[in-house]
Amino acid sequence: MIRSLQIQSHVPTRVVVGVPGRPDRRLTVNRARTERYDRARTSLAATSSEDAREIPSSTRAPDSLTVDEARRELERLNEELAHHDRSYYNDGEGVISDSEYDSLRARYLAIERLHPSAARALGASARVGATPDDQSGLEKIAHATPMRSLGNAFDIAQVEAFVNRVEKAHGEIGVELCAEPKVDGASASLRYENGVLAYAASRGDGEMGEDVTRHLVSARGVPTRLKAPYPAVLEIRGEVHVAEEDFRRVNAERAATGVRVFKNARNAAAGAMRLLNAEDNQMPLRFLAYGWGAAGETDADANAPWVTQSEFLSSFLPSQGFDAVPVLGVTSTVEGLMETYEALEIARPSMPYEIDGVVYKVNSVALQQTLGADARQPRWAIAHKFTAMSAVTTLRAIEIQVGRTGALTPVGLLDPVDIGGACIQRATLHNFDEIGRKRLKVGAQVMVERAGDVIPRVVSLAGEDLAEAAAYPEDALPLPEWLPPSKCPDCGASVVRAPLSASKNAMGTIVRCTGGLKCPSQSMERLLHFCSRDALDIRGLARATLETLHREGVVKTPADIFTLERRFGPDSGETVPTWWRYTGVKNSKGEVKEGSDGLKASAVKLFQAIELRRRGVPLHRFIYALGIPNIGAHTAKVLATHYVSLDAFRKASMAAAKGGSTSLAYGALTHIDGVGPVLAQSLVDFWGEPANASIVSEIIANGVVVLDAAESSKPSSTRQPPAAPLSSATSAASTKPAEYSAPGANLTGAKILFTGTVDGYPRETVHRLIESASAEVVSSLSSKTTCVLAGSGAGPAKLAKASALGVPIIDAADFILALDRGEPVSIPPRQD
Ligand code: AMP
């Protein structure tokens, strides 16, 4: 087998799925997505009326049809839909995809709406499922109360229209709605008489179903007896389905014994329910309840003992031993509904059962009853379907992308295929485990799905390849496609498999490149992290500047930052170093004026900021700055306290990397309080990669002083002055000993007044930092005030009063920064 490994670097894949806490943005995303889908969907049917005469009516826009054409088209569509309903509900296997079916039905409804005189009574618009045929041999059962279907919405406008209809009927805006997942299985009704399961019936055509008691009596989520008190007659409606894990296992068993495999879990559930002998069924069935039919003393009595849909789902059903669909949310706004929709769409791949949308239902049972139903569906509920569109094509190659954080992601390169109007040539394969789980191989037919804006994904094998692959035993030897490469395709560093996070509940593993500091795909993100506030905090090296420097090749690794001045500074011999423009002071038009004084000044300011850091970096900040996966600011402090010096930390980690996981050195790492095996492995992976170790050496060789942990916490009098001199506005103060001085920091008893602002530090944060050094924040100025911290825009009157009272005035920016970094601060004495 030829395996194609294509390397494409520097193109990290990013999926923006919405901005938490900003529903309006989510709404925009969704609107765009659903509108696009809608256009694609209706374009299947729409053709301009000018072309009407040349084009058969089956492909013309509904509004271009004459009444006669509309009647014929409705008849044709009705028959086609009835045919698909029979094969879907009775034979258990749809011939067309769900979205194709939805398009046909949408066209039928549009023609019916535009040409009411051509509409047939009780055609496709009123049909529920299919009348059971005699194939199964199961007894027929008439439902005491009809089992209806649901209306569909495919975009926000249709959801809005539903909400408006409900509000109009209710006469008030703001009707509470309950959102639930739409489970993709086969519906059934469980009838309890005097608390005992009398029978279970499939939906059939809504009036007449089949007796599936023997199939459901042992299904999970179906109690055979109820606990008193209960309504004398109770019909519980729900979805019979097969869990994903059961589906995969049973299908593999079937394939191994040469039995036809099911295409999906829905078909498996529907097929299992139509077996005459329930014992022949290997698929464990489960029942998830979502509604009720009769609930009271008699069939006609609808006095359910619950008041809301959400109470029924989350309280009544579980108390009686039913499994129920979860309540995704109760809300009275369209935005709230869209949030549940978007959240469920994201969670969809990890759901234990198949779902195909969200159902919104009026929460009040009383209002449900007032709104009632039409022949096919209730007026108080609607299904908002996910907009997946799929196609089958060939997987030609697997390309590996390296993301900005070093994660290796496989991407499928496909024979171009049109899905919903877009030409798809690439689709995500998620991760290497998924490739194996789906038994994918290069050259095979695959099903590709595209849902709105989300990146297309390879769902499964298709056609004969699907049947063939299902015959592989579970423990089959992996194909080369299923294994991650041993080296990063971008930088050649070794690749490791690590948990997604260090937390105990980490879901799954991730394949990562270990060449953190040198890997071109990752280096930009690493540089930013290195300079960030909790790391080296190099002001002036913000994203825009760093990105330019990185792109131009001026700064490739953190070590390069410390040679900038030598290479480009005033003493570099360059008269007007081109590099200076990247630090850019721009004019009002956004242009950078080369060689201007302002430009030089900003470059010099940046050199100074770098120089300040070079003179002394606390060890914990340096460790954090290295960006070792899973080593956050807190763990960095733990490691700094434990090892005290960079040298000791480096030696211990490298010894563990060399000795491997059974070595004493490795064991020693895992014995540090707060460092578990996951963190230890991250350290080992990082230091085990020679490129990382040599960049750290280079940083040190470029003059960076990493302060020992003990050293950075000694009082200021016993150590070098801090890199950033703490300025005091009162020059005389520096000749006297400080009244308060605090390493990282203890200012007990000091009363501090803060005025003005400090960039990047909200007022509450400033107060918190002062208080965490045991000082008191005061709001009025008196002779008892220990000092005034003056930020930018500090009130001149306050400063004048402080001077008059002899209260020292201190530059707030430096002071707060030092407190934040845990560095020493000092307050000069009063000037009496
Ligand atoms: P459809 O089969 O597309 O017409 O959709 C209607 C069917 O969705 C119902 O008959 C139910 O079998 C099924 N369904 C799945 N989940 C739910 C739910 N949470 N509430 C109501 N119906 C549901």
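Residues numbered from 1 in each chain as written. Predicted model: local features only at pLDDT ≥ 70, side-chain atom pairs only at ≥ 80, totals over all residues. Heavy atoms only, no water.

- Identification of the protein chain as DNA ligase (NAD(+)) from Ostreococcus tauri is taken from an unreviewed UniProt entry.
- Word for word, the UniProt comment on the protein chain under Cofactor (unreviewed entry) is "Mg(2+)". (UniProt positions renumbered as here; feature names shortened; annotations may be inferred.)

1. A few points about the overall build of the protein chain
Logical step 1: When helices and strands are counted, the protein chain shows 27 helices and 27 strands.
Logical step 2: Buried residues in the protein chain amount to 50% of all 832 residues.
Logical step 3: Long-range pairs, those at least 24 residues apart, make up 70% of the contacts in the protein chain with a sequence separation of at least 6. (Helix = DSSP H or I, 4+ residues; strand = E, 2+ residues; numbered from the N terminus. Buried < 20%, exposed > 50% of the residue type's maximum accessible area, 1.4 Å probe, protein only. Contact = heavy atoms within 4.5 Å.)

2. Topic: the sheet that holds strand β24 (residues 776-778)
Logical step 1: One open sheet holds the four strands; their spatial order is β24-β23-β25-β26, and the pairing between them is parallel. Both edges of this open sheet fall to β24 and β26 (809-811), since each of them pairs with a single strand only. Ignoring which end each strand starts from, the neighbouring axes of this sheet average 35° apart.
Logical step 2: Bridging between strand β25 (residues 787-790) and β26 involves three bridges; their strand directions are parallel. Paired with Ala790 across the bridge in β26 is Asp811. (Pairing = 2+ DSSP bridges. Axes fitted to C-alpha atoms, helices over the stretch in contact; angles between N-to-C directions.)

3. Quick notes on the packing of aromatic side chains
Each pair of aromatic rings is reported with the distance of its centres and the angle of its planes.
Logical step 1: For the coordinates displayed, the defined rule picks out twelve aromatic pairs.
Logical step 2: On the numbers, 5.6 Å between centres and 90° between planes, the contact of Tyr192 with Phe322 is edge-to-face. Remark: Phe322 occurs in the loop between α8 (309-319) and β10 (329-331) and Tyr192 occurs in strand β5 (residues 186-193); sequence separation between them is 130 residues. Phe322 shares its class with Tyr192; the two are buried.
Logical step 3: Site record: aromatic cluster; members linked through ring pairs are Trp292, Trp306, Phe312 and Phe316. (Phe/Tyr/Trp six-rings, centres within 6.5 Å; stacked < 30°, edge-to-face > 60°.)

4. Regarding the pattern of salt bridges
Logical step 1: Enumeration according to the criterion identifies 25 salt bridges in this entry.
Logical step 2: In this structure, the salt-bridge partner of Arg426 is Glu399, at a minimum N-O distance of 2.9 Å. Of the two residues, Arg426 sits in strand β15 (residues 422-428) while Glu399 sits in strand β13 (residues 388-402), which places them 27 residues apart along the sequence.
Logical step 3: Taking the shortest distance from any N to any O, the salt bridge between Lys441 and Glu468 comes out at 3.8 Å. With Lys441 in the loop between α11 (432-437) and β16 (445-451) and Glu468 in helix α12 (residues 463-470), this pair connects stretches of sequence that are 27 residues apart.
Logical step 4: Relative accessible area serves as the criterion here: at 45%, Glu468 is assigned to the partly exposed category.
Logical step 5: Here the residues in one salt-bridge network are Arg191, Glu193, Glu235, Arg237 and Asp299, joined through shared partners. (Salt bridge = Lys/Arg side-chain N within 4 Å of Asp/Glu carboxyl O.)

5. Focus on the sheet that holds strand β9 (residues 286-296)
Remark on secondary structure: sheet strands pair via backbone hydrogen bonds, oriented parallel or antiparallel.
Logical step 1: The four strands lie next to each other as β6-β5-β8-β9, forming an open sheet whose pairing is antiparallel. At either margin of the open sheet sits one strand with a lone partner, and together these are β6 (196-202) and β9. The average undirected angle you get between the axes of adjacent strands in this sheet is 25°.

6. Brief notes about the site of the ligand
Logical step 1: Of all residues adjacent to the ligand, which total 16 residues, the nearest are Ser149, Glu180, Arg203, Glu239 and Lys361.
Logical step 2: At 2.8 Å, a side-chain N or O of Lys361 approaches a nitrogen atom of the ligand.
Logical step 3: Listing elements by their share of the shell around the ligand, those giving two or more residues are β4 (177-183) and β11 (355-362).
Logical step 4: Ranked by the residues each element gives to the shell around the ligand, the list is headed by β4, at four residues. (Near = heavy atom within 4 Å. Polar contact = N/O pair within 3.5 Å; in protein donor to acceptor, adjacent residues only side chain to side chain.)

7. So, the packing of helix α20 (residues 646-659) against helix α22 (residues 677-688)
Logical step 1: Packing of α20 against α22 brings their axes to within 8 Å, and their N-to-C directions diverge by 90°. With respect to α22, the element α20 is oriented roughly perpendicular. Of the residues in α22, those touching α20 at Phe649, Arg650, Ser653, Met654, Ala656 and Ala657 are Leu683, Val684, Trp687 and Gly688.
Logical step 2: Considering only residue class, the contact of α20 with α22 consists of seven nonpolar, two polar and one charged. (Parallel < 35°, antiparallel > 145°, perpendicular 65-115°, else oblique. Nonpolar A, V, L, I, M, F, W, Y, C, P; charged D, E, K, R; others polar.)

8. A look at the nonpolar core
Logical step 1: Formed by 69 residues in total, the largest nonpolar core has its most connected members in Leu190, Tyr192, Leu216, Ile236, Leu285, Trp306 and Tyr360.
Logical step 2: With six residues, helix α7 (residues 265-273) is the largest single contributor of residues to this core.
Logical step 3: Once residues lying within four places of it in the same chain are set aside, the contact partners of Leu216 are Ala188, Leu190, Ala200, Val222, Val240, Met273 and Leu285.
Logical step 4: Counting 57 residues, the second-largest nonpolar core is a separate cluster that includes Met524, Tyr666, Leu683 and Val704. (Core = buried A, V, L, I, M, F, W, Y, C linked by side-chain atoms within 4.5 Å.)

9. Some thoughts on α22
Logical step 1: With twelve residues, α22 should reach 16 Å at 1.5 Å per residue; the first-to-last C-alpha distance of 16 Å fits that figure.
Logical step 2: Every buried residue of α22 is listed here: Leu679, Ala680, Ser682, Leu683, Val684, Asp685, Phe686 and Trp687. (Expected span 1.5 Å × (residues − 1).)

10. As for the confidence of the model for the protein chain
Logical step 1: When the pLDDT values of the protein chain are averaged, the result is 78; 80% of them are 70 or greater.
Logical step 2: Of all helices and strands in the protein chain, the one with the weakest mean pLDDT is strand β1 (residues 5-8) (28), whereas β4 scores best (97).
Logical step 3: In this model residues 1-55 is a low-confidence stretch, pLDDT under 50, and it forms 93 contacts with partners more than four residues away in sequence or in other chains.
Logical step 4: Contacts from residues 712-744, a stretch scored under 50 in pLDDT, to residues over four places away or in other chains number 67 contacts. (pLDDT = per-residue confidence, 0-100.)

11. Things to note about the environment of Ala82
Logical step 1: Looking at the secondary structure, you find Ala82 in helix α2 (residues 67-90).
Logical step 2: When the C-alpha positions of Ala82 and Gly129 are compared, they lie 8.8 Å apart, and in sequence the two are 47 residues distant.

12. So, the environment of Leu429
Logical step 1: You can see Leu429 is positioned in the loop between β15 and α11.
Logical step 2: Residue classification places Leu429 among the buried positions, given a relative accessible area of 2%.
Logical step 3: On a C-alpha basis, the gap between Leu429 and Ser460 in space is 9.8 Å, while along the polypeptide they are 31 residues apart.
Logical step 4: Filtering out sequence-adjacent residues up to four positions away, Leu429 remains in contact with Ile398, Pro410, Val411, Gly412, Glu434, Ile435, Leu440 and Val458.

13. Thoughts on unusual backbone geometry
Logical step 1: Along the chain, Ala228 connects to Pro229 via a cis peptide bond; the corresponding omega equals 0°.
Logical step 2: Along the chain, the position of Pro229 falls in the loop between α5 (213-216) and β8 (233-241).
Logical step 3: Unusually for a residue other than glycine, Asp537 sits at a positive phi of about 50°.
Logical step 4: Relative to the helices and strands, Asp537 is located in the loop between α13 (520-531) and α14 (543-551).

14. A few points about the environment of Phe815
Logical step 1: Within the element layout of this structure, Phe815 appears in helix α27 (residues 812-821).
Logical step 2: Residues Phe815 and Gly791 lie 24 residues apart in sequence; the distance between their C-alpha atoms is 9.9 Å.

15. Notes on the packing of helix α4 (residues 156-170) against helix α9 (residues 334-347)
Logical step 1: Where α4 meets α9, the closest approach of the two axes is 10 Å, and the angle between their N-to-C directions is 130°. Viewed along their axes, α4 and α9 adopt a mutual orientation that is oblique. Of the two possible hands of crossing, α4 and α9 adopt the one that is right-handed. Contacts between α4 and α9 pair Ile156, Val159, Glu160 and Val163 from the former with Val334, Leu337 and Met338 from the latter. (Left-handed = near helix turned anticlockwise from the far one by under 90°.)

16. Digging into the state of the cysteines
Logical step 1: Counting across every chain of the model gives zero disulfides.
Logical step 2: No disulfide involves Cys513; its sulfur sits 3.6 Å from the nearest other cysteine sulfur, which is in Cys491.
Logical step 3: Cys513 sits in the buried class, given a relative accessible area of 4%. (Disulfide = S-S within 2.5 Å.)

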